[in-house]
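Fold and contact review
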Amino acid sequence: MGELPNDLLAILQALARKEITVDETEQLIEAIMDKRTEERRKGSKSYIGRDFIINPGEEYFGKVEVVNGKAIINGRLIGDLEVVFGEMIFSGKVAGNVELVGTNIVWNGGHIAGNLEMVGCSYKGAKPIVDGKVNEVNNFFINGVLGIVRNLVVKPFLSGIKIEE
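Quick look at a negative patch on the surface
- A cluster of acidic residues, D23, E24, E26, E30 and D34, forms a negative patch on the protein surface.
- Take E24: it is sitting in helix 2 (residues 22–43).

Here it is as structure tokens:
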């Protein structure tokens, strides 16, 4: 079993020292858990034909999917990142996995805590530190198939979609 987060540990220690009651302990723990659930819930989004940006010093919670858009990651993403047929500029941190398909990438260092998978991508710059596995599939056949899919399927399909907020 893993270690308890510091905030929960502090609450339990206060209970053990009889500084707070059992009811107060339950209320505090419930409030912390509700906040974490809300942060995870509000963060998962898909960006189709739009840009997703995390500026330096910012944090974003949840899974992010970018299709035919640009992902600029200069802050911290607590979750997974998927970019399909887009562009990415990366110098930040991702606390999950990164999956890139048919994407043009500019690496400026950074850190990926999970796995990095790249299929049919082109990139330049200083790659990030990756704690997990790195899997790269990049050959003439894959690039040709992805180009056909992008030009004959994705672009015409996306041109018929109107995005409203």
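Quick look at the pattern of salt bridges
- Overall, the coordinates contain 5 salt bridges when judged by the stated rule.
- When the shortest N-O distance is used, the salt bridge between R76 and E59 registers 3.3 Å. Here R76, found in strand 6 (residues 76–78), pairs with E59, found in strand 3 (residues 59–61); they are 17 residues apart in sequence, far enough to count as distant.
- Taking the relative accessible area as the measure of exposure, R76 reaches 37% and is therefore partly exposed.
- Here E82 and K63 are joined by a salt bridge, their closest N and O atoms 3.2 Å apart. One end of the pair, E82, is in strand 7 (residues 81–84); the other, K63, is in the loop between strand 3 and strand 4 (64–67), with 19 residues separating them in the sequence.
- K63 gets classed as partly exposed once you look at its relative accessible area, which sits at 33%.

Structural notes on the packing of aromatic side chains
- On inspection of all chains with the given rule, the structure shows 3 aromatic pairs.
- Measuring from centroid to centroid gives 5.0 Å for F52 and Y60, while their planes differ by 80 degrees, and the two rings are edge-to-face.
- A connected cluster of aromatic rings, assembled from ring pairs, spans Y47, F52 and Y60.

Considering the side chain of T103
- Turning to its location among the elements, T103 is positioned in the loop between strand 10 (98–101) and strand 11 (104–108).
- Of the polar contacts made by the side chain of T103, one reaches the backbone oxygen of V101; its length is 3.1 Å.
- Ignoring anything within four residues of it in the chain, the contact list for T103 reads V83, V84, F85, G86, E87, M88, G120, C121 and S122.

Section: the environment of D80
- On the secondary structure map, D80 appears in the loop between strand 6 and strand 7.
- For the pair D80 and V98, spaced 18 residues apart in the sequence, the C-alpha separation amounts to 5.9 Å.
- Beyond its immediate stretch of four places on either side in the chain, D80 contacts G62, K63, V64, G96 and N97.
- A polar contact of 2.7 Å, which involves the side chain of D80, links it to the backbone nitrogen of N97.

A look at unusual backbone geometry
- Of note, the phi angle at N68 is positive, near 55 degrees, even though the residue is not glycine.
- By secondary structure assignment, the location of N68 is in the loop between strand 4 and strand 5 (70–73).
- Although it is not a glycine, F85 adopts a positive phi angle of roughly 50 degrees.
- By the element assignment, F85 lies in the loop between strand 7 and strand 8 (87–90).

Concerning helix 1 (residues 6–16)
- Of all the residues in helix 1, the buried ones are L8, I11 and A14. One face of helix 1 carries all of its buried residues, which in axial projection span an arc of 125 degrees. With respect to the buried face of helix 1, the exposed residues turned more than 90 degrees away are N6 and A16.
- One or two residues past the end of helix 1 sits K18, with phi positive at roughly 60 degrees.

Basis of the calculations
Residues numbered from 1 in each chain as written. Predicted model: local features only at pLDDT ≥ 70, side-chain atom pairs only at ≥ 80, totals over all residues. Heavy atoms only, no water. Patch = residues over 30% accessible without salt bridge, like charges linked within 9 Å, V, L, I, M, F, W, Y side chains within 5 Å. Areas by Shrake-Rupley, 256 points an atom, 1.4 Å probe, with all protein chains shown as cover. Salt bridge = Lys/Arg side-chain N within 4 Å of Asp/Glu carboxyl O. Lys, Arg positive; Asp, Glu negative; His and termini not counted. Charge placed at Lys NZ, Arg CZ, Asp CG, Glu CD. Helix = DSSP H or I, 4+ residues; strand = E, 2+ residues; numbered from the N terminus. Buried < 20%, exposed > 50% of the residue type's maximum accessible area, 1.4 Å probe, protein only. Phe/Tyr/Trp six-rings, centres within 6.5 Å; stacked < 30°, edge-to-face > 60°. Polar contact = N/O pair within 3.5 Å; in protein donor to acceptor, adjacent residues only side chain to side chain. Contact = heavy atoms within 4.5 Å. Arc of directions from axis to C-beta.

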